[in-house]
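# Chain and residue survey
For reference, the chains in residue letters:
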Amino acid sequence: MLFDDQLAKQFGGRKQMHGRVFGLLNLLRLSNLTHIASEGVSEDAGTDVSWNTDDELEIDGPPCDSSSVLSNVGHTNFSGSCEASSSGGPARTKLFDHFLGMGFSEKLVATAIDEAGDDNNEAILETLLTYSALEGSTEQGLDIARCRQIDEDAELAKEFDAEIHDKIVADCDRKINADSDFCSSDYEENGAYDFSDSDNDEKEYTSVSLSEKQQKLSFLTDMGYPADEASLAIERCGPNSSLEELANFLCAAQMARAEDPYYVDPPAVKKRKYLFNELGKHKRRISANGFGDAEEHIRLPKPMVGFGVPTDPCPITHRKLPEAALGPPYFYYENVALAPKGVWDTISRFLYDVEPEFVDSKFFCAANRKRGYIHNLPIKNRFPLLPLAPRTIHDALPLTKRWWPSWDTRTKLNCLQTVTGSSRNTERIRKVLEDWSRGAQGTDPPPHVQKFIFDECRKWNFVWVGRNKVAPLEPDEVEILLGFPRNHTRGGGISRTDRYKSLGNSFQVDTVAYHLSVLKDKFPYGIKMLSLFSGIGGAEVALHRLGIPLKVVVSVEKSEGNRNVVRGWWEQTNQKGTLIDIEDVQQLTGDKLEQLMSAFGGFDLVIGGSPCNNLAGSNRVSRDGLEGKESSLFYDYFRILDLVRCIMGKK
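Rules and cut-offs
Note on numbering: residues in each chain are counted from 1, in written sequence order. Per-residue local features are limited, in this predicted model, to residues with pLDDT of at least 70; the limit for side-chain atom pairs, both in listing and counting, is 80 or more; totals at the level of whole chains, interfaces and linings are taken over all residues. Working from all heavy atoms in the structure, the side-chain values ignore hydrogens and water. Starting at the N terminus, helices and strands are each numbered in turn, a helix being any DSSP run of H or I of at least four residues and a strand any DSSP run of E of at least two. A simple rule labels every residue: compare its accessible area, found with a 1.4 Å probe on the protein chains alone, to the largest value its type can have, and call it buried under 20%, exposed over 50%, or partly exposed in between. Any pair of Phe, Tyr and Trp rings, taking the six-membered ring for Trp, is counted once the centres come within 6.5 Å. Such a pair is stacked with planes under 30 degrees apart, edge-to-face with planes over 60 apart, and tilted for the rest. Here the rule is simple: two strands pair whenever DSSP picks up at least two bridges between them.

### Concerning the overall build of the protein chain
Secondary structure assignment for the protein chain yields 24 helices and 9 strands. Residue burial in the protein chain is summarised as follows: out of 651 residues, 47% are buried.

Rendered as structure tokens:
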């Protein structure tokens, strides 16, 4: 048995030995070689170092006499005759003193010089480091004579097996260059190699040249550091950092983790195994609640009717909510359906894994408005507001029918935005049509002109208000389309521009009322509601139109103009309940909520829709998802909802 096989048995296997003993040896070797170079050792002594050597413990040089042994290695006593001698002259004495100055004992230095000869500094250092590594061993009676038998195999042990080496290099490349998707890789299966030499003792080893970064990565992994941590250390310390600096960096990181009482090792990622012909394919995996995991995002349904709409003959009337989502209180959250990929997965995960209900308001009114709703309301026995809202443009805006050309086939308006088309757009359309009319009276424009005008009208929701004349919707027309009373946003110090903005960010009242209609029988004497991001009071108007008394409403809205709109509507409709205005969701701390809930006995409904600025597709500048400045306020909705549920749970 070779000497390194004994070490392997000590350390629990050859792979562990490579990581612990060889790593220590190489680190010591690096430090001491640096010292030698500074003392004027020849150039060859440093350039012969092979940092990719698999077995660094096997040493060149003639063995000592068979009776020569080393004392006090691994707490085992040896006796022998290898001692330092002054007969070698001043050069030998200087060499002896040099290694003593490096911290090695006299007997160790004497033995190493006798074994390796006094003309080979590197071999002496290899021998000293080998014996130094063995000093940490706890195995009793380690036979040094058996260690020396491996000298004849030194070259064999210093070189990698070409096939194993190629695999290691390939895995290093994959670790450095691959993306974060480890699930589709077979690294875990092919990356853990068996270094047992039971079948490889007779193999011929060849060295393969590597890039500097790959050499460092391979060396650090041989020392026992994980390849991903080693790669990160190279990135953090820089490509020109020395191995000693990298090892210090990794050691410090491990020590910091060991000292941190809150640190927990991340769970191991279970790698998926694929057949050869399945590599690279993404399989759909569905979780228990019907949602796809990180690989399968929530998809928008077509048509977008949610659990049912008034015109649906077979609506869904039953669903199973996660236990964590069950009330009280009821909660209701709304935002744009066409959000960036993964946003609704995140929203659903925070809101107790409730399945979103995606609904296009074109089934309730004359305008498209695709929204997602997450709530824990019952879905059976819903009913719409009466009278039903007009479902087409001509029903909602009858005065436009007279001027509407036959080739403009729109029956529904596009989504109502926070801005409208400019007068420049409408003037351009008028000139195009008038120029054509002068040359060809009584005929429709050619297809390319029709297409241009049709696209502009659809984009900006222009409607026909005269011969060859289109115009943007007026604020009161938008109010009608969204289910608000006429002039709901007029007055109160709110400008025309702000009216469009507030209406564009509001609920579509008929749609929300259809979902909230199930609460009418549950709260016949009034409902206590916490309205977050209230806007112009879409939820309040919906409950009022359903005939549900508003006992208490705590309205949280940042815009003073919007707060004035809600306050004005509250007074004009002679509400008998209590309305409390709060300017910012940040003001709703746990203490503030407890104070409010103690005064009113909790909330029956928590409703709101956080800003969609960073989610909407029309935002080409800062569509950053839930990490955006405005849309990140969703987390305040969840924070407040969770506080309310916790406080009510205690009581």
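### Comments concerning unusual backbone geometry
A cis amide bond links Gly327 with the next residue in sequence, Pro328, at an omega value of 5 degrees. Summarising the element assignment, Pro328 is placed in the loop between helix H13 (243–259) and strand S1 (330–336). Following Leu386, the chain continues to Pro387 via a peptide bond in cis, the omega torsion being -5 degrees. Among the secondary structure elements, Pro387 is positioned in the loop between strand S3 (370–375) and helix H15 (393–396). In the Ramachandran plot, Asp353 falls in the positive-phi region, its phi being about 60 degrees despite a non-glycine side chain.

### Side note on the packing of aromatic side chains
Inspection of the entire model under this criterion finds 14 aromatic pairs. When the ring of Trp569 is compared with that of Trp570, the centres are 6.5 Å apart and the planes differ by 65 degrees; the resulting orientation is edge-to-face. Taken individually, Trp569 and Trp570 each receive the classification buried, so the pair is uniform in this respect. Three or more aromatic residues joined by ring pairs make a cluster, and in this case those are Phe331, Tyr333, Trp344, Phe350, Tyr352, Phe358, Phe634, Tyr635, Tyr637 and Phe638.

### A short note on helix H11 (residues 212–222)
Taken together, the buried positions of H11 are occupied by Gln214, Lys216, Leu217, Ser218, Phe219, Leu220 and Asp222. Of the residues one or two after H11, Gly224 is the one with positive phi, at around 105 degrees.

### Here's the deal with the pairing of S3
In terms of burial, S3 is a largely internal element, 5 of the 6 residues being buried. Examined bridge by bridge, S1 and S3 share 5 bridges and lie antiparallel to one another. Across the sheet, Tyr333 pairs through a bridge with Ile374, a residue of S3.

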